[in-house]
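Listed below are the residues making up each chain.
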Amino acid sequence: MGFATLLSSIGASVATVFVLYCAALFGYRILLHPLRSYPGPFLAKLSDSYAGFYALTWRLHLVTRRDHLKYGPVMRYGPNRLVFNSAAAFRGWPMPMHSERVTKSEVYRVTQQLENVYNVFNVRDRAEHRLKRKLIGRAVTEQSMRSFEPTMTAQIEIFLRQVLQAAQARTTSERMVNMTQPFKYLGYDIVGHLAFGYPLKLQTDDSNRFVVKANAYGNFRLNMYMQWPLLRHLRIESVLDLLPNGLRVRLFNLIETMIKARLAQDKDARRDLFFYAADDFREGNDGLRLGNLWTEAIFFLPAGGDTTSTALASLFFYLSRNPVCYAKLCDEIRTTFRSGADIRGGPQLAGCSYLRACIDEALRMSPPVPGTLWRQLAYDDPHTEPWVVDGHVIPSGTEVGVNIYALHHNEEYFPDPFSFKPERWLAANDDRGGESGKAGIHNAFAAFSAGPRGCAGKAMAYLEASLVTARTLWYFDFEAAPGRADGKGARTRGRTDGHGSEGEFRLYDVFISIHNGPHLAFRTRGDYYRELTGGEL
Ligand code: HEM
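None of the values given here were measured: they were computed from a predicted structure.

Time to look at the environment of aspartate 380. Mapping aspartate 380 onto the fold places it in the loop between strand E5 (375-377) and strand E6 (387-389). Separated by 158 residues in sequence, aspartate 380 and leucine 222 place their C-alpha atoms 26 Å apart.

Quick look at the structure:
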């Protein structure tokens, strides 16, 4: 037998074995698998490539909602995955009897850089998580926020002075601002101070602005891995690391600079994340990089920098398209406070119930984390009774999730889901127990997730969003910039997985949301703005 013949017969045997393996695997998944009777897209039952493909196109949140409309409230969305679209399923896992039994699923491991180094976001061991959460949580408690507020306010004032510049510009195009950028820069500047007391200065200098793009690419890659874990073996990041001056390399260098700058100061120099966590989070065996502090920083910066800016961009979008809501909110802010400087965290700001309702409604319609957060029964769960989610007994090894975007647009909880209606959050104040009442819709509000793995920075997010919105409306008026479509045209002709309506702020899902716009035109309100310029015109 010639060499070529030998080679081709080996090739044919390998191909046959592969085809038989796939046939057996797919046959098992369709005919014998414990999830076989659940409805769902056929390809998703065979392989995670279905979700992986839509993650690649940034539309997985839209497609998941569309599929729920077709297949119902529980569907098989991967060989071992079930996704639910009900408040009962969402509230089910943080219920006391469940919370100790459930943890983040295996897929979060794809976000680890080293096998045994975890951060608060991806750690799966519950005892280890409790410890990390306690340390990280200290930096973002309501009490810590009170001492951090002056730093946050100083950054917000930079933002407001830039808005003033735009409002006073001569030409229409200069007066128009694409709000995605200033909100991203503000978000990162604030979280840079909160993490390591570090002035990232994205608002005033473009040297570090690449972090926004670097984190968006990083999240996109990780989201792909989370949806289609097989892709992880491609190790794209190793290739990216070879690119001199690539975004990932620059991001890592910047984080190293931030940590080193903070290490050079006294621990007590400021009340930042480092202050609270430095004694427990040390350098790794390989030095600073990949140590605990490093891995926490890699997560903390986008967690705090990207999310709140999405909440603000979508809120400003909806306010600029809903004049009645805009007027009501202005009235609340402008009658509650006596000056812009008077707008601070505390009972008065917390008492602005319409403001809070507007923020919640924006978070509902355009959630900064729009996807499915996968959970699994903890590997060391000592209980013998089954894990039940919304009446379904979950077979062992199954990953379960609720898609935040789909739940937030579920008409059962949010009638007319593509309309911006802050009133829905106020309407049922007297009907706390009722299904359609406040308690009912709060149960289906998942923007911050819930339970022990819910967002640690929720208090900070509300403070930041409230201060920015209230102070902007104190000094300025704004409207949608003429000639800019923003949300319009979101429906793609012939496609059924487009965004729901023309009035929706378009988000793209890369685990966090990315977006563009809204484009707004600002006007100063009377001469209140002089407070920002020290009295100068
Ligand atoms: C509107 C703004 C925000 C939204 C919508 C949001 C949403 C979320 C969500 C959905 C999770 C759960 C992720 C998962 O299960 O995989 C989460 C986790 C987390 N968030 Fe936020 N977040 C926001 C702002 C912030 C801020 C400002 C910080 C801190 C500076 C922060 C810190 C964290 C941390 C530390 C976790 C991990 C919690 C844990 O696993 O124990 N977040 N966030």
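Let's shift gears to the coordination of the iron atom of the ligand. Among protein residues, the single donor to the iron atom of the ligand is Cys455 (SG), with a metal-donor distance of 2.3 Å. With respect to the helices, strands and loops of the structure, cysteine 455 is situated in the loop between helix H22 (438-443) and helix H23 (458-475).

Around the ligand, the structure places 31 residues, and the nearest of them are Tyr108, His129, Arg133, Arg375 and Cys455. Between the ligand and the protein, one listed contact pairs an oxygen atom with a side-chain N or O atom of histidine 129 at 2.6 Å. The contact in question runs from an oxygen atom of the ligand to an N or O atom on the side chain of arginine 453, over 3.1 Å. Broken down by secondary-structure element, the contributors of at least two residues to the shell around the ligand are helix H7 (126-139), helix H15 (292-305), helix H16 (307-321) and H23. Take the shell around the ligand: its biggest share by element is four residues, from H15. For the shell around the ligand, a count of residues per class yields 20 nonpolar, seven polar and four charged.

Time to look at the environment of alanine 450. Turning to its location among the elements, alanine 450 is positioned in the loop between H22 and H23. Residue classification places alanine 450 among the buried positions, given a relative accessible area of 11%. Put simply, alanine 450 and glycine 52 are 398 residues apart on the chain and 25 Å apart in space, counted from C-alpha to C-alpha.

Note that predicted coordinates carrying low pLDDT should not be read in detail. Per-residue confidence for the protein chain gives a mean pLDDT of 85; residues scoring 70 or more make up 88%. Within the model, pLDDT remains below 50 along residues 488-494, and this stretch shows ten contacts once partners closer than five positions in the same chain are excluded. Predicted complex, confidence summary: ipTM 0.98, pTM 0.91.

As enumerated under the stated definition, the model contains 22 aromatic pairs in all. When the centroid spacing of 5.0 Å and the interplanar angle of 75° are considered together, the rings of phenylalanine 53 and tyrosine 54 count as edge-to-face. With relative accessibility at 43%, the residue phenylalanine 53 sits in the partly exposed group. Ring centres of tryptophan 474 and tyrosine 528 lie 5.3 Å apart, and the angle between their planes is 75°; on these two criteria the pair is classed as edge-to-face. With tryptophan 474 in helix H23 and tyrosine 528 in the segment after strand E12 (519-524), the pair connects residues that are 54 residues apart, well separated along the chain. You can call tyrosine 528 partly exposed: its relative accessible area is 38%. In this structure, arginine 250 is placed above the aromatic ring of phenylalanine 210, and the distance from its NZ or CZ to the ring centre is 4.2 Å. One residue, arginine 525, lies across the ring of tryptophan 474, its end atom 4.9 Å from the ring centre.

Next up on the list: the sheet that holds strand E9 (residues 476-480). Strand order in the open sheet formed by three strands is E4-E12-E9, and the pairing between neighbours is antiparallel. The open sheet terminates on both sides in strands that have one partner only, identified here as strand E4 (176-178) and E9. Strand after strand, the sheet turns through a mean of 40° between neighbouring axes, direction not considered. Contacting E4, E9 and E12, helix H8 (residues 142-167) runs over the sheet at an angle of about 85° to E12. Its contacts with the sheet put H16 on E9 and E12, and the angle it makes with E9 is roughly 80°.

Reading the values: the criteria
- Residues numbered from 1 in each chain as written.
- Predicted model: local features only at pLDDT ≥ 70, side-chain atom pairs only at ≥ 80, totals over all residues.
- Heavy atoms only, no water.
- Helix = DSSP H or I, 4+ residues; strand = E, 2+ residues; numbered from the N terminus.
- Donors = N, O, S within 2.8 Å, 3.2 Å for Na, K, Ca; no water.
- Near = heavy atom within 4 Å.
- Polar contact = N/O pair within 3.5 Å; in protein donor to acceptor, adjacent residues only side chain to side chain.
- Nonpolar A, V, L, I, M, F, W, Y, C, P; charged D, E, K, R; others polar.
- Buried < 20%, exposed > 50% of the residue type's maximum accessible area, 1.4 Å probe, protein only.
- pLDDT = per-residue confidence, 0-100.
- Contact = heavy atoms within 4.5 Å.
- Phe/Tyr/Trp six-rings, centres within 6.5 Å; stacked < 30°, edge-to-face > 60°.
- Lys NZ or Arg CZ within 6 Å of the ring centre and 35° of its normal.
- Pairing = 2+ DSSP bridges.
- Axes fitted to C-alpha atoms, helices over the stretch in contact; angles between N-to-C directions.

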